[in-house]
Amino acid sequence: MDQNKSKSKMSNKKFKRIWSTTLVAVLIIALALNVALNIFSGHVDLYLGRGDIVVTKAEGTENWDSTYYTSDYDSDEALQEAANNMVEKIEGEGIVLMKNNGVLPLNASSNVTVLGRDAADPVYGGSGSGAVDLSSVIDFKTGLEQAGFNVNNTVFDLLVSYASYKEEPNTMGGMDRKYDHPKANIVMDKPEESQYSIGEMPVSEYTDSAKATFAEYNDAAVIMLGRGGGEGGDLARDMTGWDDHYEPGQHQLELNYDEKQLIKMAEENFDNVVVLINASTPMELGVLENDENIDAILWVGSPGQTGFNAVGDVLSGAITPSGHTADIYPSDFTKDPTFVNFGNYQYSNISADNAMGDGFFVQYEEGIYIGYKYYETAAVEGFINYDDAVVYPFGYGLSYTNFAWEVEDQRLGDVDGTIDVDVKVTNTGDTYAGKDTVQLYYSAPYTKGGIEKSSIILGDFAKTDLLAPGESQVVTLSLAVEDMASYDYKDNKAYVLDQGDYTITLQTDSHNIKENIAPINYNVSSTIVYNGENHRQSDKTAVTNQFDDISALFKDEAQEGYVRNFSRADFAGTFPTAPTEADFVASDAIIEGFAPYVTADHADPNAVAPTFNASNGLSLIDLRGKDYNDPAWNHLLDQITPEEMITVITNSAYNTAEMPSVNKPATVDLDGPAGISAFMGDTHGTAYPSEVVIASTFSKDIARQMGEMIGNESLHLGVNGWYAPAMNIHRSQFAGRNFEYYSEDPVLSGKIASEVVSGAAEKGVYSFIKHFALNDQETNRVNNGVATWANEQDIRETYLKPFEIVVKTATQTLKYISDDQGTVSEKEMPGTTAVMSSFNRIGSTWAGGSSALLQNVLRDEWGFRGAVISDFNLYDYMYANQGIHNGTDFYISFSSMKSFEDTTNPSVLNDFRNSAHNLLYTVANSNAMNNIVPGTTISYTMAPWRKVLYIADVVIALFLICGFAFMVNRIKKNKEA
């Protein structure tokens, strides 16, 4: 063989190797991409969009009125302006004036110097699903300037420079801030990336040139102090190792050295010093309240998108503050009864050997005595000195004007009725218009050693309209007598309204009765036990113990291995203590609760598989307006397929898929507590103030209006379900998610949330009230589910109560087609048709798999009808079969990440059918049915990303064919050569 031929042959082999490798690689990549996109189609639809809905009405129905819900705004621009105004309205009425020696309001043209890092880098909201999009927020300086103030730019620019940052994309599709001078930041479920330093600018950083401007902008120093929060992490109860400007053992909610030095600098340079608290959790503020050189304190919470405009207006007097604290402000958080039982506690004998991982727990030793219910009761019992223990009561708030109250009428109904009080409120000031809130409390008769009772409990509240000086308004407060009953889980296992005198008081806050207003006495002649047929009127069935296995951990007497009940009868002897050595050893019953869920062990052996794939000719729209138990539902449910339900149940992160068998449209369901937000996408509505600001308004009207605005935004954004409002309790000041929960008080939480849900429902939005239930700390929330232990009285009276109020009282007016002529009728129905369960365990049972919680309490006792969704179900302990068997109907999950152990057992198939009923009932009575009438067929265009994929597949296929042909031809020619 000659040299040229040898070279040609070698070249041919090399070409074949390179070209064949390239073709195979392209083929593998193409196949992998197709497989991945189909497996993760739920993710892709979420980020890139799905196909458009095609609605085809049946002949003769084209002109039927099918617009069940309409927007109140004719353009996106008009809606956005109204939403921004709503944010300002909430913030304006939620701001709490905590202290004022007459300095506030400031003259609107004042020259002010803002101090503190948070003045330039405020906390607008929280992190996680309740995060705020910061791209269009009004900052603090702008808010002051729109109110007329002249702001010291030199100092403000210095603060901006100190708080500088750059943004980097995170794994959730959003942006994280990377600060030159870090400040506290909770990274969701990543404690190793979270950090807790306060990040206040030291006074040494205020340059001489900056200080020289103090003399010109000296009408007031306005100091902003802030604390943030975030999903997936709690605040630090010990700052050791995080911030050198704390003493060892101090916690994050105290002022640090830099903040105290900042205040000292302000006091030395300004005659008027005003402090703003930019935090949605209480802080230890006694050092400020007791400082005579601090002239005023304003709590502003987290103000959302445009709320700082309202802050400026309150400082200038354009708005008179009317907010009230939604939490009590103790002087020393370390002495709070919850302090030692919050955080990281791990069982020593639970591991992957006997469970799905490690076991963590938290014990609610304080029982019903949290927040003001502890401090007010402990003071009554002489256990604490109230003035030493409390800085600001619950429900506390000052004003720029004064109000007088007069009881105009009181109607004391019988034990099956209500107590109604009409109060005339008069603005007795001579300068400022303002709003006032009347708070109604009750005190139940207490017997030492009997049912535990707080000395005082909020029953109702009412806020006036804006009253000019001299103007009056009559407000009515109402309390159902049965709501004064206490839960007895030991003896009667029921709610009990004890015999005796109940005292009704009208108060300015949890501690102070309004002057000149006499208490009202209500007598119950004999004890009433609400059991059997004699259940409370608001319940569907008699309420009785459902959580004996959890209550069993609590004992009245000290016993090793048990938790001591905190009792009013002996506060000193039963005060909560940190978990003992015995508490860290799980009992056999607890270990069993952590054991893997085996579907076969819980299946009904006598179950008969339901009918599927029937051809009954029904569509979901035909069931709109029908009662949940209407027989027509059975015929509709016979049409579904198990495959449809498997897809829907396991692939419902921020959406639910269409179900062709019953003409169910696809839905869009988005977060979150601060307003509509695609936590894992690009759809964002208005960022509202934090929920605690909404609660601090003490205004049911504002809550209703906010819900209606959410509903309007939903119609414009194409959203059907809303993962909100969040209604867990501020059990501890250190809970990282307090910003997205309303209050420490369940009645305030429930009544505000009920109005929000009702308002949204009027626009067809189903609100997933969450996180049901006892999801009151973030530490270990997804570490195999933290086991939460509380006695049943505490569970019912504190942690379930806000959910109970919303389920029972939220309403909506539903429009539906009522005959074959297209007649549109209306009916009143419950406004709550959706609930989200929680990550944690109730006792040792996952909340989403607790039939006691989701079936016995929620559906049987309270009468809830609708769907329950899980919190994000990516974790092994949240078993798919366990959830649908015990009351959770579908999951925030992707089918690629969650699957069923069994999909063929007749018992499981009945679970599918039940879940379908609940979900379809919710969707049928929502705005997802807009433009659909009986006889309508629904289809969807191909998703844009699928079109791109198919085009890419064709191009790749042509490339492979041509490439293969080219390779063969080239080899052939080389051989011939």
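Keep in mind that what you see is a predicted model, and the values were worked out from it rather than measured. (Residues numbered from 1 in each chain as written. Predicted model: local features only at pLDDT ≥ 70, side-chain atom pairs only at ≥ 80, totals over all residues. Heavy atoms only, no water.)

## Examining the overall build of the protein
A tally of helices and strands in the protein yields 27 helices and 36 strands. A compact globule built from 977 residues should have a C-alpha radius of gyration of about 30 Å, and the protein, at 31 Å, falls within 12% of that. In the protein, buried positions account for 58% of the 977 residues. Of the contacts made within the protein by residues no fewer than 6 positions apart, 77% connect residues no fewer than 24 positions apart. When the accessible area of the protein is evaluated, it comes to approximately 36,800 Å², of which 48% is carbon and sulfur surface. (Helix = DSSP H or I, 4+ residues; strand = E, 2+ residues; numbered from the N terminus. Rg over C-alpha atoms; globule rule 2.2 N^0.38 Å. Buried < 20%, exposed > 50% of the residue type's maximum accessible area, 1.4 Å probe, protein only. Contact = heavy atoms within 4.5 Å. Areas by Shrake-Rupley, 256 points an atom, 1.4 Å probe, with all protein chains shown as cover.)

## Re the sheet that holds strand β17 (residues 472–480)
With respect to topology, three strands assemble into an open sheet ordered β13-β14-β17, the strand pairing being antiparallel. The open sheet has two free edges, formed respectively by β13 (403–412) and β17, since each of these has just one partner strand. In this sheet, adjacent strand axes meet at a mean angle of 20° when their direction is disregarded. As paired strands, β13 and strand β14 (residues 418–427) are joined by nine bridges and run antiparallel to one another. Paired with V407 across the strands is V423, a residue of β14. (Pairing = 2+ DSSP bridges. Axes fitted to C-alpha atoms, helices over the stretch in contact; angles between N-to-C directions.)

## A look at the pattern of salt bridges
All chains considered together, the criterion is met by 35 salt bridges. The closest approach of N and O atoms between D118 and K183, which form a salt bridge, is 3.2 Å. Placement of the pair is D118 in helix α4 (residues 117–120) and K183 in the loop between β6 (175–179) and α7 (208–212), with a sequence separation of 65 residues. A relative accessible area of 3% places D118 in the buried class. Close ionic contact of R781 with E231 constitutes a salt bridge, the shortest N to O distance being 2.9 Å. Of this pair, R781 sits in the loop between β28 (766–772) and β29 (787–789) while E231 sits in the loop between β7 (220–227) and α8 (257–269), placing them 550 residues apart in sequence. Among the charged side chains, a salt-bridge network with shared partners connects E231, R737, E740, E778 and R781. (Salt bridge = Lys/Arg side-chain N within 4 Å of Asp/Glu carboxyl O.)

## What about the pairing of strand β32 (residues 834–837)?
Burial along β32 is two-sided: the face carrying A834 and M836 and the face carrying V835 and S837 are both buried. Taken together, the three bridges between β28 and β32 define a ladder with parallel strand orientation. Paired with F768 across the two strands is A834, which belongs to β32. The pairing of β32 with strand β35 (residues 867–869) spans three bridges and is classified as parallel. Following the sheet pairing, V835 is matched in β35 by V868.

## Observations concerning the environment of Q346
Position of Q346 among the secondary structure elements: in the loop between β10 (329–330) and β11 (361–363). For Q346, a relative accessible area of 32% gives the class partly exposed. For the pair formed by Q346 and V362, sequence separation is 16 residues and the distance between their alpha carbons is 8.9 Å. Ignoring any residue separated from it by four or fewer positions in sequence, one finds Q346 in contact with D358, G359, F360, F361 and F584.

## What to know about the packing of aromatic side chains
Counted under the stated rule, the structure contains 44 aromatic pairs. Centre to centre, the rings of Y766 and F768 are 5.6 Å apart; their planes meet at 80°, and the pair counts as edge-to-face. Among the aromatic side chains, those forming a connected cluster through ring pairs are Y369, Y374, Y375, F383, F566, F571 and F575. One Lys or Arg, R841, reaches over the ring of F594 and ends 4.1 Å from the middle of that ring. (Phe/Tyr/Trp six-rings, centres within 6.5 Å; stacked < 30°, edge-to-face > 60°. Lys NZ or Arg CZ within 6 Å of the ring centre and 35° of its normal.)

## Considerations on the side chain of H324
Among the structural elements, H324 can be located in the loop between α10 (307–316) and β10. H324 gets classed as buried once you look at its relative accessible area, which sits at 5%. One polar contact links the side chain of H324 to the main-chain carbonyl oxygen of G395, over a distance of 2.8 Å. With residues up to four places along the chain from it excluded, the contact list for H324 reads V96, G395, Y396, G397, T437, Q439, T508, S696 and F698. (Polar contact = N/O pair within 3.5 Å; in protein donor to acceptor, adjacent residues only side chain to side chain.)

## Observations concerning the confidence of the model for the protein
Overall, the predicted model of the protein reaches an average pLDDT of 92, with 95% of residues at or above 70. The low-confidence segment residues 1–8 (pLDDT under 50) makes two contacts with residues lying over four places distant or belonging to another chain. (pLDDT = per-residue confidence, 0-100.)

## Re the sheet that holds strand β19 (residues 494–497)
Consider a sheet: its strands pair through backbone hydrogen bonds, and that pairing is either parallel or antiparallel. Pairing in this open sheet of three strands is antiparallel, and the strands run β18-β19-β22 from one edge to the other. Edge positions in the sheet fall to β18 (486–488) and β22 (528–530), since each has one partner strand and no second. If you compare each strand with its neighbour and ignore which way they point, the axes differ by 35° on average. Bridging between β19 and β22 involves three bridges; their strand directions are antiparallel. Looking at the pairing, Y495 lines up with Y530 of β22.

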